[in-house]
Structure formats: C-alpha cells, structure tokens
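What follows is each chain in one-letter form.
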Amino acid sequence: SADSGTGGGSGGGAVRWVNEDAYAPRHNATPGAPLAVLRCAAPSDDDAPSSPRAQPPPLFSIETMRWGLVPAFTPPTSAPDFFARFNARSESARDKASFRRLVPARRCVALLDGFYEWTALGTHSKSQSAALGARSPRRTKQPWLVRPSSDDASSAEGVMYVAGLWDEWVPSTDSAGARADKRAPVRTFTILTTAPAEGLAWLHDRQPVVLRSEAAAREWLRRGDRPDVYARLTRGTAEGLTYHMVNPAIGKASEWQGPEACAPYTPPKPKRAGADIRGFFSAAPSPKRRAGGREAHGDAQQQEEEAPPKRAKLEREH
C-alpha cells in the first residue's frame, strides 16, 4: 500500500490522518490488514475554523481501515470475517444488502502502490513444482504485480487510487474485554472490482476499479448516487499501468512482507522434455553392440549391407 503523507489538501485544509498509529507499510497485504484509505471528512475529524481567516476544514481525510468489509449489521458477538467481503462487484454493489446503503455516502479510495493477480500455468513436473515452491506436482499459478507506470503523469508519486466502500461495526468486546459502549467502532472497507480492460483481460477476468487521477478520486468521493457517474467511474482501465512477474512464494504472505515481494521475477526454465522422450523411445543396443570393439562394428556394417534395397531407400528418404 502507498505510504501517503498528511499534507496537501484537496479543495480544503490540510488532510488529517485518522488512526495513523494503526498503519504500517506493507508490500503484500492480505484481508484484515490495516491500510490507508481516503474518505470524506467527518465533522469530528477537525475542529471548525476559529475565524474567517483560519484554514478551512478538510474535505477529505485519510484513515487507517482494515481491508475486508464487516457490515454494521454483523452481530456484535461474531468473529469478524475479513475474507468474506474484501472485494465487491461494482455491477451489483448497488443492489446487494451489504453494499447498497454504502454507495451514496460511504465511498472511499484505497491508496495503493499496486495489486497482484495470478495466472494459471498448468501442470508442472516434480522438479518444476519444487522450483516454484510447490511441494508436489499440482496446478500452479504465477503472480503478477500491476502498478502505475513510472512515466504516468496522472499518478501522484506512484499512488494508485482504487474505489471502495467502507462501513463500521461495533463488537461486543475488544481484546482487553472492554464493553461495546466504550469500544470505538471497527472501520473496514471493500475494494470494488469490474470487468477488465482489454490490456488486462489476459491476466484475470476481473480487475480493481482504478480511478485514473486525483480528480477522478475526488469525484468518486462525492456524496450521492448518480448512476451515470457511477457507471463511468467504475469502468475497467489499463491506461497508465504496467506489470511484471513476481515470485510465487509471495503466496506465503506472512513471510513476504518486504520490498522483495514486489521485485521482478524470472521463472526457472522448464526442463526440456525432448531429450527424455528420445531416450525413452530409442532402440536398445544388441549384446554385441554393447560389448563394443571391432566385432560389434563389423556386425552392424554387415547388417546394413545385407538389408534389402527397398529398406535402404526408405531409410534414406526418412
């Protein structure tokens, strides 16, 4: 996720980072991880200006939220399931009970460096599977990192703006056993997905809703629900994006949280099957040929001379 700063307002005062202490940069986030998101500022985020010349309150706030939406109607005694709703289809979000009430007023923008997608590679041999980190022959996948291009002027310092929805849920107790009325709500978010743009369709049948610029991000965050604007902003795009392979071992996310998770990766070259096949189907030598020496050579030459002319002709044509 992107390590964004707290300065630089967007049409208002300086942007405040809410719950910044809970944020930690990571290069291989999984559902449940605390990430930085941009949302419309709540009245309590900053004090009102004390005078007409005071800096105006911010229009937006950065807040650390956990990835994987836990709806507000989740029972307080339930264990949060961050994997159940870490993504939401933009085409149906306005109709689903978990998301439709969030579309008008609880939109957010996840601030990311990029996202991973996995492509199927097919069935590998034992040696190839071992080289790719698999314990046994199985259908393996190759991960790719999709991120803003370094020459993309619309991306602020390589930050990717991804559309999402957020909600808050109050559990019955926290880890220390505090009561719900003394416990701050847990704020979570989901990332919207859409049909992929042509440039990314080979990679996956879905892609996150990437907002192409800061202006598009601000437009997404405006309260309200205009279907035409919603449809325009949630189209898939590959513009300004680049991608490269990364190590399949990033699937073990707990062990791959550093910058090496994003490093370009070259897969091992597959073992040539041709040599093994030729060795398997080659004719076994005769006992005399295995013995070696002039006698074996002479027998082979004599057999070749005694072969019928027709057979010799076929062998030459072959």
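Here the structure is shown first, and the text comes after it.
Residues numbered from 1 in each chain as written. Predicted model: local features only at pLDDT ≥ 70, side-chain atom pairs only at ≥ 80, totals over all residues. Heavy atoms only, no water.

Asks: I'd like a rundown of the pattern of salt bridges, residues and numbers included.
Replies: In total, this model carries twelve salt bridges according to the counting rule given. In this structure, Arg212 and Glu239 form a salt bridge, with 3.6 Å as the shortest nitrogen-oxygen distance. On the criterion of sequence distance, the pair formed by Arg212 in the loop between strand S11 (210–211) and helix H2 (214–221) and Glu239 in the loop between helix H3 (227–233) and strand S12 (241–245) is long-range, its members being 27 residues apart. In this structure Arg212 comes out as partly exposed when scored by relative accessible area, which is 24%. Glu239 gets classed as exposed once you look at its relative accessible area, which sits at 53%. One salt-bridge network, held together by shared partners, links Arg39, Glu63, Glu168 and Arg187. (Salt bridge = Lys/Arg side-chain N within 4 Å of Asp/Glu carboxyl O. Helix = DSSP H or I, 4+ residues; strand = E, 2+ residues; numbered from the N terminus. Buried < 20%, exposed > 50% of the residue type's maximum accessible area, 1.4 Å probe, protein only.)

Asks: Report on the pairing of strand S8 (residues 160–169), specifying residues and quantitative values.
Replies: Judged by how many residues are buried, S8 sits mostly within the fold: nine of ten residues are covered. Pairing geometry for S8 and S11, over two bridges, is antiparallel. Each residue of the ladder has a partner; that of Val162, found in S11, is Val210. Sheet topology places S8 next to strand S9 (residues 186–194); six bridges connect them, and they run antiparallel. (Pairing = 2+ DSSP bridges.)

Asks: Tell me about unusual backbone geometry, residues and numbers included.
Replies: Even without a glycine there, the phi angle at Asn19 is positive, about 60°. With respect to the helices, strands and loops of the structure, Asn19 is situated in the loop between strand S1 (17–18) and strand S2 (34–40).

Asks: Residue-level account of the nonpolar core, with values.
Replies: Counting residues in hydrophobic clusters, the biggest one holds 30 residues, and the most contacted among them are Val109, Leu192, Leu211 and Trp220. The element best represented in this core is H2, accounting for four residues. Setting aside its immediate chain neighbours within four residues, Trp220 contacts Arg107, Cys108, Val109, Ala163, Gly164, Leu165, Leu192, Leu211, Tyr230, Leu233 and Thr234. Counting 20 residues, the second largest nonpolar core, distinct from the first, contains Met65, Trp67, Cys108 and Phe115. (Core = buried A, V, L, I, M, F, W, Y, C linked by side-chain atoms within 4.5 Å. Contact = heavy atoms within 4.5 Å.)

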